[in-house]
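A structural walkthrough
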Protein chains: 4
Amino acid sequence: MLIVMDKVATPEQIDNVVKVIESKGYTARPIPGGERVAIGVLRNESQVDDSVFQVLPGVKDVVHVTRPYKLVSREFHPEDTIIRVGDVTIGNGNLTIIAGPCAIESEVQALTIAEKVKKAGAHLFRGGAFKPRTSPYSFQGLGKAGLEILAKVRAETGLGVITEVMDEETFDLVEEYADIIQIGTRNMQNFSLLRRAGKARKPVCLKRGMAATIQEWLMAAEYILEGGNTDLILCERGVRTFVNHSRNTLDVSAVPVVRQESHLPIITDPSHAAGRRNQVIPLSRASVAVGAHGLMVEVHHEPEKAKSDGAQSLYPEQFESLCEQAKAIYAVSGNGEANSL
Amino acid sequence: MLIVMDKVATPEQIDNVVKVIESKGYTARPIPGGERVAIGVLRNESQVDDSVFQVLPGVKDVVHVTRPYKLVSREFHPEDTIIRVGDVTIGNGNLTIIAGPCAIESEVQALTIAEKVKKAGAHLFRGGAFKPRTSPYSFQGLGKAGLEILAKVRAETGLGVITEVMDEETFDLVEEYADIIQIGTRNMQNFSLLRRAGKARKPVCLKRGMAATIQEWLMAAEYILEGGNTDLILCERGVRTFVNHSRNTLDVSAVPVVRQESHLPIITDPSHAAGRRNQVIPLSRASVAVGAHGLMVEVHHEPEKAKSDGAQSLYPEQFESLCEQAKAIYAVSGNGEANSL
Amino acid sequence: MLIVMDKVATPEQIDNVVKVIESKGYTARPIPGGERVAIGVLRNESQVDDSVFQVLPGVKDVVHVTRPYKLVSREFHPEDTIIRVGDVTIGNGNLTIIAGPCAIESEVQALTIAEKVKKAGAHLFRGGAFKPRTSPYSFQGLGKAGLEILAKVRAETGLGVITEVMDEETFDLVEEYADIIQIGTRNMQNFSLLRRAGKARKPVCLKRGMAATIQEWLMAAEYILEGGNTDLILCERGVRTFVNHSRNTLDVSAVPVVRQESHLPIITDPSHAAGRRNQVIPLSRASVAVGAHGLMVEVHHEPEKAKSDGAQSLYPEQFESLCEQAKAIYAVSGNGEANSL
Amino acid sequence: MLIVMDKVATPEQIDNVVKVIESKGYTARPIPGGERVAIGVLRNESQVDDSVFQVLPGVKDVVHVTRPYKLVSREFHPEDTIIRVGDVTIGNGNLTIIAGPCAIESEVQALTIAEKVKKAGAHLFRGGAFKPRTSPYSFQGLGKAGLEILAKVRAETGLGVITEVMDEETFDLVEEYADIIQIGTRNMQNFSLLRRAGKARKPVCLKRGMAATIQEWLMAAEYILEGGNTDLILCERGVRTFVNHSRNTLDVSAVPVVRQESHLPIITDPSHAAGRRNQVIPLSRASVAVGAHGLMVEVHHEPEKAKSDGAQSLYPEQFESLCEQAKAIYAVSGNGEANSL
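About the criteria used
- Residues numbered from 1 in each chain as written.
- Chains lettered and ligands numbered in written order.
- Predicted model: local features only at pLDDT ≥ 70, side-chain atom pairs only at ≥ 80, totals over all residues.
- Heavy atoms only, no water.
- Helix = DSSP H or I, 4+ residues; strand = E, 2+ residues; numbered from the N terminus.
- Buried < 20%, exposed > 50% of the residue type's maximum accessible area, 1.4 Å probe, protein only.
- Contact = heavy atoms within 4.5 Å.
- Areas by Shrake-Rupley, 256 points an atom, 1.4 Å probe, with all protein chains shown as cover.
- Lys, Arg positive; Asp, Glu negative; His and termini not counted.
- Charge placed at Lys NZ, Arg CZ, Asp CG, Glu CD.
- Polar contact = N/O pair within 3.5 Å; in protein donor to acceptor, adjacent residues only side chain to side chain.
- Domains from an automatic or database assignment.
- Salt bridge = Lys/Arg side-chain N within 4 Å of Asp/Glu carboxyl O.
- Disulfide = S-S within 2.5 Å.
- Pairing = 2+ DSSP bridges.
- Axes fitted to C-alpha atoms, helices over the stretch in contact; angles between N-to-C directions.
- Expected span 1.5 Å × (residues − 1).
- Arc of directions from axis to C-beta.
- UniProt positions renumbered as here; feature names shortened; annotations may be inferred.
- Buried area = accessible area lost by both parts, 1.4 Å probe.
- Least-squares fit on C-alpha atoms with pLDDT ≥ 70 in both.
- pLDDT = per-residue confidence, 0-100.
- Phe/Tyr/Trp six-rings, centres within 6.5 Å; stacked < 30°, edge-to-face > 60°.
- Lys NZ or Arg CZ within 6 Å of the ring centre and 35° of its normal.
- Parallel < 35°, antiparallel > 145°, perpendicular 65-115°, else oblique.
- Left-handed = near helix turned anticlockwise from the far one by under 90°.
- Nonpolar A, V, L, I, M, F, W, Y, C, P; charged D, E, K, R; others polar.

Chain A goes by 3-deoxy-7-phosphoheptulonate synthase in an unreviewed UniProt entry, where it is assigned to Desulfonema ishimotonii.

Structure, rendered in structure tokens:
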């Protein structure tokens, strides 16, 4: 950390800053410049809380020079992490496609969709049993019955399943049934849930919060790794901006930045970014081209009748086309090499 | 809801939209215009999911004409809700000031600050026992020991206490000790927590999510009212924007809008909006002037030594000055009348 | 336009709204619903100013049901517009790559870079002669001398040139030298400049404003078409959001939306979105995959010595690699067909 | 500036950074830390372009430690700048209220409104003669005839007038008629216009761009001061965010930050921030309370008939009430002292 002093800071003010630094157990190193003095803060093992220094008399600015995350960082762990679910891998070297309905509505619905997406090329099946909904009056998911349907989908199709967990109370249950446990956007900084996920024996998929910086997102991931679970997938799903032609703005540049900063695999969710069907295929193509390790896409065989998110669900034939386009782009982007920055 | 058709929509496309509307149990009312047809959707008791219609062939746009919330709306409940905590009221007719440290660090710290803020004019005491922190390596609060200190503060000073709950697991405990239970920004859409709060027998203070629209915020509040708890306070604490000179951007216009849309009281938290001490007093003045029913402010007698948020904590003398300024502005803004829109 | 009344609106309030609508020369059509009345506004040739209605007593909401733009809309002009510059076309059916330095610094610099980008596959050359700079103390471009260098580049390499115009005063001069006249982000709503561009006899490239909605952007384009110049290219270059890991957030979903709403070609500028070199290639790949008609990329043979934007300029070898990747992705995305939505 | 090296940066990489720094004419000062090396860049008179360094091999981050603006900064010019227009002053020690219609529509309209706002307590009159409009089909202002009406308003009421200039072509004309020349939001970075304003012999009011940081805004102001015109007023008018319940989000914290960073007076424009009448009074109160030196408010005696921005224009009686509330709040906020940070 670097503390920049005012041009007119007095020697007493500079001394005081040095004292506060040392009282925290760090080393202070004043750096006289042309116009003003800056003071380096060294020997800090974890990140220094800048707030104390920012408001000391004579201080103009406080500047961080290191990242606060450790276990998730590529500096700490240079090799790509690869997640394994049965025969499927997520990480470098292949494109993993996850597809299925927003919510599990019935056994027939789930099995119908699962067979279609498998045939089209999906590697894993998604479907919500516990659904976070903006309105208390909306369909909230089938709960345990939904999990049982997911188990049946896996048994009949061989597809591994990913489903969302909403709270600690139902975590054991979700962990029992899911192959990958999803933590949703609205829970990205539900720290109690993150701690529980750190103890899980299944891979976790952590969606980015709607207004989270990459640093905050990686710090949320750090909670899970710090808890002992290193099987973590990050999922970019769009951020909230002033833009109103899509539900959220898919932040494609997050993909190369996360790949540079972290060893964890990163996929995107173009369905939730778009919020409407006709943007999902273009955003999927962009995601593969920018270097994502995978896609998670909502598909429904009767989207007009879907109990949630019907407008952003692809028809099975559209998903088939999406898979073809995605694989073609992935092939020419190169396996990892051309995807490099 | 209104469904706007393309200029070139065919009669078949229009018929199809009417059919889908009716298949959902609503009434369709086509409205021919000069250039294009629009179709009204009537008899919908709860909000219609627009997503299904948005993507039907020939549909240009889907427009909501009603709000999705009910119990929280002023249309449903015209009179102001007033919250009572002992002798203190929050709602119209007075300005309620809540103050205290970010986190409870020790009995001495809490009691020292409590006495100072009480003397300066605070009506309620705030202090975190369970702390949501971006980093797993930061101080996470004293937990139950913190709650016991809060009880002692109440016993010794007579001030009611507000403290944050982070999860369902510790909800009973927090509910036992707190006079007002706070749900933080990052948990605004933790729906399991909201449902639990709907069963609580204590007033709840629901902070606005960092990227939440007012509609989403009121829908989160609807979860709590729908659960049976009508003692709810809303707290505006700044939203995330591109602006980088304050930690968040205090959305002052949210105050008159919420007061118009809802009967629930609304306070602001200038400390978290600012993120640095020297903006807290100006933002507090602005909050009172814009019509907030109260303020929640962080105060620490030794902010350089605070275990969290030291940079945004006021010194007790500053808080004294804040109280004087806030009360003077409140007085001339009128009790409710001049605060009206 | 649709005017939604309060549930408790009185018949007098409804009558008054009808009167105001008719006083403006429109037709009012009240639509009684289950709970409240809405009033349609018909026979409006241009967009109705909603502001008058929004604040009439008893009005809850005002809802637009038509788009304000005409000449730029696909509803008005269904076929794709194709721009021709010599042998090069921009529009459907091929991928157009524009490359060159941020600023023209010298004849040697410009010619060196032009030859390299031509060899790598660029179709047009970019380079600023008049530079809009945040600071008055930064290099402001070579002005007319820069334009003359651009003419020499064209003469020696055969590449058409695109360069920015900053004001009406120098418009004639820029128009004389440029093959495509660029209007920058900060001037997107410089309406005097847009009117002048509407009279230009050269194609114009209009960059999206940093905080412009697509509707505002298309309305700015409408100024140019309304002035008589239909040779217009739109350029998405990233929007301002809370995100801080890239200079701006490339809004990839703008590409399919603009292609659906308008007949005008749309390219992207990944260099300005990224602001740093290592994101430019991934964002270029994403742009092509999402369906852009072209790319505009900054390239410099000695970026460390560049007088502006050196950090986001690619080395010529990187640009060569970009061209290969972009063309490969374009090929598999299909010429227009697979790019369709 | 400080250049932070990767943990694993090699001595060669560090040497190379030092060489590039020195090749630019600066002094390099390496600062070995616990884990990594940082390199200070000294003796830079103007701001160093960081882009060159950010992408050198081994560089992790580049950190600015000084502000890029000079003439506008309080470090450079500690005393408050006070603007004088006849007997009216803008700056510390009083609250200046500017009011009038969005656009000058006729002599009768302008004089009617001017008399009403003068009586209510306005110090200056606003009214647009040249109007920047999103749509080419909207009313664009009366032009020179509007300026002549402004002159008549001044002659008859004694109120100084402020009006917007849109381009260099009409600058002489506007400068001749106006007492204060306004540069609008969309032109904040129209650098040609800023340079012309730097030569003006009248005070200038520079509105903040819709997505401008305070640093960019102050740099735009620097253009004007650098040109020789030091009579400059800054005007906060709301920024673009995801928030949709007001047209823009009034960034109240910009007021104390600008007052700390700069010696220039700062006013707010609550009308354009709100975009609807019923938020204007609360936002005006907030603006005064947060420490603004003045307000600029839209008033119309017949807002339903206004040719632009009718929905955000106050009725004269509302403006009267606004003036009373604003003055009462200003009085208790203290003249400067209590407004201090």
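Read on, since the account is not over.
A tally of helices and strands in chain A yields eleven helices and 14 strands. Dimensions of chain A, computed from the C-alpha atoms along their principal axes, are close to 75 × 45 × 40 Å. Across the 341 residues of chain A, 66% fall into the buried class. Across chain A, contacts joining residues at least 24 apart in sequence account for 67% of those joining residues at least 6 apart. Taken as a whole, chain A presents about 11,200 Å² of accessible surface, with 47% of it coming from carbon and sulfur. Seen as two clouds, the 38 positive and the 42 negative side-chain charges of chain A have centres 2 Å apart.

Turning next to the side chain of A:Thr96. Residue and element names in this part refer to chain A. By secondary structure assignment, the location of Thr-96 is in strand β7 (residues 96–100). Thr-96 sits in the buried class, given a relative accessible area of 1%. Among the polar contacts made by the side chain of Thr-96, one reaches the side chain of Asn-94 at a distance of 3.4 Å. If sequence neighbours within four positions are ignored, Thr-96 has contacts with Val-88, Thr-89, Ile-90, His-123, Leu-124, His-293, Gly-294 and Leu-295.

Here chain A is partitioned into domain 1 (2–63) and domain 2 (83–333). Centre-to-centre, using C-alpha coordinates, domain 1 of chain A lies 44 Å away from domain 2 of chain A.

Taken as a whole and judged by the stated rule, the model has 72 salt bridges over all chains. Salt-bridge contacts for B:Arg74 lead to B:Asp80; the nearest nitrogen and oxygen are separated by 2.6 Å. Within the structure, one salt-bridge network assembled from shared partners comprises A:Lys7, A:Lys60, D:Glu75 and D:Glu261.

This brings us to the state of the cysteines. One pass over the full model with this rule turns up zero disulfides over all chains. The structure places no disulfide on C:Cys235, whose sulfur is separated from the nearest cysteine sulfur, that of C:Cys205, by 4.8 Å.

What follows covers the sheet that holds strand β10 (residues 180–183) of chain A. Residue and element names in this part refer to chain A. Here eight strands make up a closed barrel; going around it, the order is β7-β8-β9-β10-β11-β12-β13-β14 and the pairing parallel. Ignoring which end each strand starts from, the neighbouring axes of this sheet average 25° apart. Pairing between β7 and strand β8 (residues 124–126): two bridges, direction parallel. Counterpart to Ile-98 in the pairing with β8 is Leu-124. Docked against the sheet, helix α3 (residues 107–120) engages β7 and β8, running at close to 145° with respect to β8.

With that out of the way, let us pick up helix α10 (residues 280–290) of chain C. Residues three or four positions apart in an α-helix share a direction because the helix packs 3.6 residues into each turn. Residues and elements named next belong to chain C. In terms of burial, α10 is a largely internal element, eleven of the eleven residues being buried. Buried within α10 are the following residues: Val-280, Ile-281, Pro-282, Leu-283, Ser-284, Arg-285, Ala-286, Ser-287, Val-288, Ala-289 and Val-290. Gly-291 lies just past α10 and shows a positive phi near 120°.

Residue and element names in this part refer to chain D. Compared with the 20 Å implied by 1.5 Å per residue over 14 residues, the 20 Å span of helix α4 (residues 144–157) between its first and last C-alpha is a close match. Within α4, the full set of buried residues consists of Gly-146, Leu-147, Ile-149, Leu-150, Val-153 and Thr-157. Burial along α4 is one-sided: seen end-on, the buried residues are contained in an arc of 160°. Across α4 from its buried face, at more than 90 degrees, point the exposed residues Ala-155 and Glu-156. Packed against the buried residues of α4 are α3 (107–120), β8 (124–126), β9 (160–164) and α5 (171–177). A positive phi of about 80° marks Gly-158, the residue just after α4.

In the numbering adopted here, UniProt assigns the feature "domain: DAHP synthetase I/KDSA" (unreviewed entry) to residues 83–324 of chain A. Between the C-alpha atoms that bound residues 83–324 of chain A there is a distance of 24 Å. The span itself is 37% helix and 17% strand.

To continue, consider the interface of chain A and chain B. At the junction of the two partners, chain A supplies 46 residues and chain B supplies 44 residues. With both sides pooled, the region where chain A packs onto chain B buries about 3,900 Å², and carbon together with sulfur makes up 52% of that total. Here chain A is connected to chain B by two salt bridges. Close ionic contact of A:Glu216 with B:Arg240 constitutes a salt bridge, the shortest N to O distance being 2.6 Å. At the junction of chain A with chain B, the criterion picks out 20 residue pairs in polar contact (both at pLDDT 80 or more). Of all the secondary structure elements, the ones that give two or more residues to the side of chain A that touches chain B are α2 (51–54), α6 (191–198) and α7 (214–226) of chain A. Element by element, the count of residues in the side of chain A that touches chain B is highest for α7(A), at five residues.

All names here are of chain B. Strands sit in the order β7-β8-β9-β10-β11-β12-β13-β14 around a closed barrel of eight strands; the barrel is parallel. Neighbour-to-neighbour, the strand axes of the sheet open up by a mean angle of 25°, direction not taken into account. Bridge count for strand β7 (residues 96–100) against strand β14 (residues 294–298) is five bridges, and the pairing is parallel. Within β14, the residue paired with Ile-98 across the bridge is Met-296.

Here we come to the relation of the copies chain A and chain B. Between chain A and chain B, which share one sequence, the superposing operator has a rotation angle of 180° and an axial displacement of 0.0 Å; the RMSD is 0.1 Å. Seen this way, the second copy is the image of the first under a two-fold rotation axis. When each C-alpha of chain A is compared by its distance to the rotation axis, A:Ala211 comes out closest, at 2.9 Å. By residue overlap, the copies meet face to face through one surface: 96% of the interface positions of chain A are interface positions in chain B.

Residues and elements named next belong to chain D. Within the element layout of this structure, Glu-12 appears in helix α1 (residues 11–23). By relative accessible area, Glu-12 is classed as exposed at 56%. Residues Glu-12 and Ala-311, spaced 299 residues apart in sequence, show a C-alpha to C-alpha distance of 64 Å.

Residues and elements named next belong to chain A. Within the secondary structure, Val-153 sits in helix α4 (residues 144–157). Distance from Val-153 to Arg-237, taken between C-alpha atoms, is 25 Å for residues 84 residues apart in sequence. Residue contacts for Val-153: discarding those within four places in its chain leaves Ala-110, Leu-111, Ala-114, Phe-125 and Gly-158.

On average, residues of chain A score 91 in pLDDT, and 94% of them are at 70 or above. The low-confidence segment residues 335–341 of chain A (pLDDT under 50) makes 22 contacts with residues lying over four places distant or belonging to another chain.

This paragraph deals with the packing of aromatic side chains. Scanning the model with the defined rule gives four aromatic pairs over all chains in all. Cation over ring: A:Lys307 sits above A:Phe139, and NZ or CZ is 5.0 Å from the ring centre.

Time to look at unusual backbone geometry. Outside of glycine, negative phi angles account for most residues, and trans bonds account for most peptide bonds. Residue and element names in this part refer to chain C. In the Ramachandran plot, Asp-309 falls in the positive-phi region, its phi being about 55° despite a non-glycine side chain. As for its position among the elements, Asp-309 is in the loop between β14 (294–298) and α11 (316–333). The class of Asp-309 is buried, set by a relative accessible area of 15%.

This part takes up the pairing of strand β4 (residues 59–63) of chain C. All names here are of chain C. Of all five residues that make up β4, four are buried, and the element is covered over most of its length. Of the pairings in the sheet, the one linking strand β1 (residues 2–5) to β4 comprises four bridges and is antiparallel in character. Bridging from a neighbouring strand, Leu-2 pairs with Val-63 of β4.

Here we come to the packing of helix α3 (residues 107–120) of chain C against helix α4 (residues 144–157) of chain C. All names here are of chain C. Relative to each other, α3 and α4 sit at 40°, their axes nearing to 10 Å. It follows that α3 is oblique to α4 by the angle criterion. Helix-helix and strand crossings are classified by hand; for α3 and α4 the assignment is right-handed. Contacts between α3 and α4 pair Glu-107, Ala-110, Leu-111, Ala-114, Glu-115 and Lys-118 from the former with Ile-149, Lys-152, Val-153, Glu-156 and Thr-157 from the latter. Here the contact of α3 with α4 is composed, by residue class, of five nonpolar, one polar and five charged.

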